[in-house]
Amino acid sequence: MEKPDLAVYQQLWQLSNEVMLAAEQEDWDKSLLIQQQLHDLYQKLPALDLNLIPEESRDDLLALLGRVNDNLLKLDTLYVERRAFLADFLQGASNLHKVNKAYFSG
């Protein structure tokens, strides 16, 4: 297992901040787009072995991952609170996609 690229974890934190801000502003299109980027980045993360990280960087990484986790917990709470609205929103987006595909794709 190779030494992890800590910049990837910084990017994960930045995306978690952006998706939280968009959700707090109820910009659901942007929130869902960034959430997909966050998910894609998360899926690409290698297994993390803290023993490969220099001790002086380990606490910083753990704090960073804690902030990512905090953002995701807040996001989850916000999504649960807005569950009914988001279900309607996603259904509307799905219906719009079907109409666009039926009438406007070649």
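Everything quoted here is computed from the prediction, not taken from an experiment.

A. Fine view of the packing of aromatic side chains. For the structure shown, the criterion picks out one aromatic pair. On the numbers, 6.2 Å between centres and 50° between planes, the contact of Trp28 with Tyr79 is tilted. Linking Trp28 in helix α2 (residues 28-44) with Tyr79 in helix α3 (residues 55-81), this pair joins segments that are 51 residues apart in sequence. Accessibility classification places Trp28 together with Tyr79 in one group, the buried group. Sitting above the plane of the Trp13 ring, Arg67 keeps its charged end 5.1 Å from the centroid.

B. How the structure looks around the nonpolar core. In terms of nonpolar packing, the biggest core is built from 19 residues, with Leu12, Val19, Ala23, Leu75 and Tyr79 touching the most fellow members. Taken together, the elements giving at least two residues each to this core come down to α1 (6-24), α2 and α3. For Val19, the residues in contact, after removing those within four places along its chain, are Ser31, Ile34, Gln35, Leu38, Leu75 and Tyr79.

Cut-offs used in this document
- Numbers given for residues are sequential positions, taken from 1 along each chain in its written order.
- Local features are withheld for residues below a pLDDT of 70 in this predicted model, meaning they are given only at 70 or higher, and side-chain atom pairs are given and counted only at 80 or more; totals for whole chains, interfaces and linings count all residues.
- No hydrogens and no water enter the side-chain calculation; it runs on all heavy atoms of the structure.
- Between 30 and 60 degrees the pair is tilted, below 30 it is stacked and above 60 it is edge-to-face, where a pair is any two Phe, Tyr or Trp rings, Trp via its six-membered ring, whose centres lie within 6.5 Å.
- The numbering of helices and of strands both runs from the N terminus, where a helix is a DSSP run of H or I of at least 4 residues and a strand a run of E of at least 2.
- We call a residue buried when its accessible area falls under 20% of the maximum for its residue type, exposed when it is over 50%, and partly exposed in between, using a 1.4 Å probe and counting protein chains only.
- Here, a charge over a ring is recorded when the distance from Lys NZ or Arg CZ to the ring centre is within 6 Å and its angle to the ring normal is within 35 degrees.
- To qualify as a nonpolar core, a set must consist of buried Ala, Val, Leu, Ile, Met, Phe, Trp, Tyr and Cys residues joined through side-chain atoms within 4.5 Å.
- We call two residues in contact whenever any of their non-hydrogen atoms come within 4.5 Å of each other.

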